[in-house]
Structures are given as structure tokens and as C-alpha cells.
Amino acid sequence: MTDIFVIGIGAGGADLLTVQAIDALRATDVFLIFDKGEEKAELSELRKQICARYCTEKPYRFVEISVPERDPALPYKQAVAVWHAARAARVADEIATLKARGETGAFLSWGDPSLYDSILRIIDGVRADGAVQFEHTVIPGISSIQILTARHRIALNAIGEPVLFTTGRKLAERFPEGQGNVVVFLDGGDGLASLRGRGGEIFWGAYLGTADEVTLAGPIDTVLDRILEERQACRARKGWIMDVYLIRPPQPT
């Protein structure tokens, strides 16, 4: 029996869920949501709208879990490890409460839970601690990169070539020379800025799958400034931004 679902709910639109995800939503009694402050309150509201659309067969409720701040003074990976451990302790308490009440809980993960999302590592930490015993099931979801390539009507990979998935921070530190297509997540802006002067193409999208979706594409040297300007305007308007982009190297002539 599943005690906890981790449900990939797609990149934002309520119509992007799989049938398997909808079935898991309807089997859930309590939805666990990390409280990330006012800037991300809209994301919590989108989760609630998804539940309101599909969970019509029985009562359910939401439980918000407060999120501790990540220590900026620590090295990045150490800070993340400490941060995850603190979150795991809070998750363990909530799972123990659900177990005692005989309820099924769920975390709703944007895109796919396996791709640049921390919840599976946090759950692994809870299981490793052993203080509470539970079973969990992971439901895959449609990721933002799948929506990005669909919107631009392109294939993700070049023929016979690999695809590199990385972050904006890593891209800014060192460009992966000789690599084929590169997908970039979690960019604070430094990754995009580091592309100035490079050849090749870029396919960019923000708020994919939502009513605020915006996309741009073209030669990097031609559209980069437009992307940076649009990104800044989006962040100023909403207070936060979720974007992803694909870089293609210059094609041999």
C-alpha cells in the first residue's frame, strides 16, 4: 500500500497531467506543500487549482511545511545537504502523522520528480533515517523541456548526438565545449549572460504550460538581448521566474 505519492504534475497547466497522475491525485487524502514564501505563493495556488479540477470524488486537505532558509555562507553542495536534512526532518514528522491517521499523502512535483527536483532526495533521507516506515510511489510527469521542444516544434537531440542537462550556474562557470545540444535549468541569469558572443541557436521558454507562457528562439547573437530583457520584465511583473532553454552549437558549413 502506498503511503506517499510523489506526483509529477507537468510544467504548470492543469491539462498536462497524465491519467496515472490524476488517479494518484484522487487516491490522496492530504497534499503536502512546501511553503516557499509569498514570491512562490502562486505556485501553491496552481497546485490547489489542479486538485480542485480533478479531486472531486472525496474530501482532501492541504498541509503546508515551512521551508528553512539555505545557509549562503556554506559551500553550495554542503549548504544544500544541510538544507535537505532540515526539510527531511519536517517531512518525517508529517508522514508519521499521516500514518497514525491512516491517510495517504502526496507531494506535487513540477514537471517530472526526477529532473532537478529535490523531493526524491528528501524522501530518501527520511527513509534512511528510519524513524518512520512508509511506502512511496513516484508518478512521472511531463517536464518543462518536453513542453519547450513541443512549443518550438523541434527534436531535443541532433542525429546520433548526446544531450547535456546542466544548470545556469554550471554553464556560467565553464561552457561545455565540444558538447552537442545543452539543456539549461535553474538559471539565475548568469548562464544566459555567459552566452554573449557565442554562435549557435537558443530555444528559450518561461512559465511553460501556464497562461503566462512566453517563448523566444533564434541565433544566440540575435535574440540573446531580447531574452534577457523579456526575462527581466517577467521577473519584475511576477516576482519570480521559471524558465528553461536549449542551446544548439553552430552547424558545420
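Definitions and cut-offs
Residues numbered from 1 in each chain as written. Predicted model: local features only at pLDDT ≥ 70, side-chain atom pairs only at ≥ 80, totals over all residues. Heavy atoms only, no water. Buried < 20%, exposed > 50% of the residue type's maximum accessible area, 1.4 Å probe, protein only. Helix = DSSP H or I, 4+ residues; strand = E, 2+ residues; numbered from the N terminus. Pairing = 2+ DSSP bridges. Salt bridge = Lys/Arg side-chain N within 4 Å of Asp/Glu carboxyl O. Patch = residues over 30% accessible without salt bridge, like charges linked within 9 Å, V, L, I, M, F, W, Y side chains within 5 Å. Areas by Shrake-Rupley, 256 points an atom, 1.4 Å probe, with all protein chains shown as cover. Expected span 1.5 Å × (residues − 1). Contact = heavy atoms within 4.5 Å. Axes fitted to C-alpha atoms, helices over the stretch in contact; angles between N-to-C directions. Parallel < 35°, antiparallel > 145°, perpendicular 65-115°, else oblique. Nonpolar A, V, L, I, M, F, W, Y, C, P; charged D, E, K, R; others polar.

**Q** Kindly report on the pairing of strand E1 (residues 4-8), identifying the contributing residues and their values.
**A** Where a strand is regular, its side chains alternate between the two sheet faces. Within E1, 5 of the 5 residues are buried, leaving the element largely enclosed by the surrounding structure. Burial along E1 is two-sided: the face carrying Ile4, Val6 and Gly8 and the face carrying Phe5 and Ile7 are both buried. In this structure, E1 lies alongside strand E4 (residues 105-109), joined through 5 bridges in parallel fashion. Within E4, the residue paired with Gly8 across the bridge is Ser109. Both E1 and strand E5 (residues 136-139) contribute to a ladder of 4 bridges, which runs parallel. Counted as the bridge partner of Ile7 is Ile139 from E5.

**Q** Go over the pattern of salt bridges with me, naming the residues and quoting the values.
**A** Following the criterion strictly, the structure yields 11 salt bridges and no others. Among the salt bridges present, the one from Lys238 reaches Asp212, with a minimum N-O distance of 2.8 Å. Taken together, the positions of Lys238 in helix H8 (residues 220-238) and Asp212 in the loop between strand E8 (201-206) and strand E9 (214-219) put the pair 26 residues apart, joining distant regions of the chain. Owing to a relative accessible area of 30%, Asp212 belongs among the partly exposed residues under this scheme. With a closest N to O distance of 2.7 Å, Arg231 and Asp243 form a salt bridge. A residue pair is termed long-range when its members are at least 10 positions apart, and Arg231 in helix H8 and Asp243 in strand E10 (residues 243-248) qualify at 12 residues. For the pair shown, Arg231 and Asp243 are each scored as buried. Residues participating in the shared-partner salt-bridge network are Arg61, Arg101 and Glu103.

**Q** Tell me what's going on with a nonpolar patch on the surface, and back it up with residues and numbers.
**A** On the surface, Tyr116, Phe165 and Leu186 cluster together into a nonpolar patch covering about 290 Å² of accessible area. By the element assignment, Leu186 lies in the loop between strand E7 (181-185) and helix H7 (190-193).

**Q** If you had to explain helix H3 (residues 76-101) to someone new, which residues and values would you point to?
**A** Across its 26 residues, H3 extends 38 Å between first and last C-alpha, which sits within 8% of the 38 Å expected from 1.5 Å per residue. The set of residues buried in H3 consists of Ala79, Val80, Trp83, His84, Arg87, Ala88, Val91, Ala92, Ile95 and Leu98. Residues of H3 that are buried sit in contact with E1, strand E2 (30-35), strand E3 (61-66), E4 and helix H4 (119-129). Backbone geometry just after H3 places Gly102 at a positive phi near 70 degrees.

**Q** A description of the sheet that holds E8 should follow, citing residues and the corresponding values.
**A** Spatially, 5 strands are ordered E6-E7-E10-E8-E9 in an open sheet, and the strand pairing comes out mixed. If you trace the sheet from one side to the other, it starts and ends with strand E6 (163-167) and E9, each paired once. Geometrically, the sheet is characterised by an average inter-axis angle of 15 degrees between neighbouring strands, direction not taken into account. In the sheet, E7 pairs with E10 via 3 bridges, with the strands oriented antiparallel. Of the residues in E10, the one forming a bridge with Val183 is Leu246. The sheet strands contacting helix H5 (residues 144-152) are E6, E7, E8, E9 and E10, and the helix crosses E8 at an angle near 115 degrees.

**Q** Any chance you could break down the packing of helix H1 (residues 19-26) against helix H2 (residues 41-54) for me, citing the residues and the numbers?
**A** Any two packed helices are characterised by the angle at which their axes cross and by the distance between the axes. Running from N to C, H1 and H2 cross one another at 85 degrees; their axes reach a closest spacing of 10 Å. Here H1 lies roughly perpendicular to H2, going by the angle between them. Along the contact surface, H1 presents Ile22, Leu25 and Arg26, while H2 presents Ile50, Cys51 and Tyr54. Considering only residue class, the contact of H1 with H2 consists of 5 nonpolar, no polar and 1 charged.

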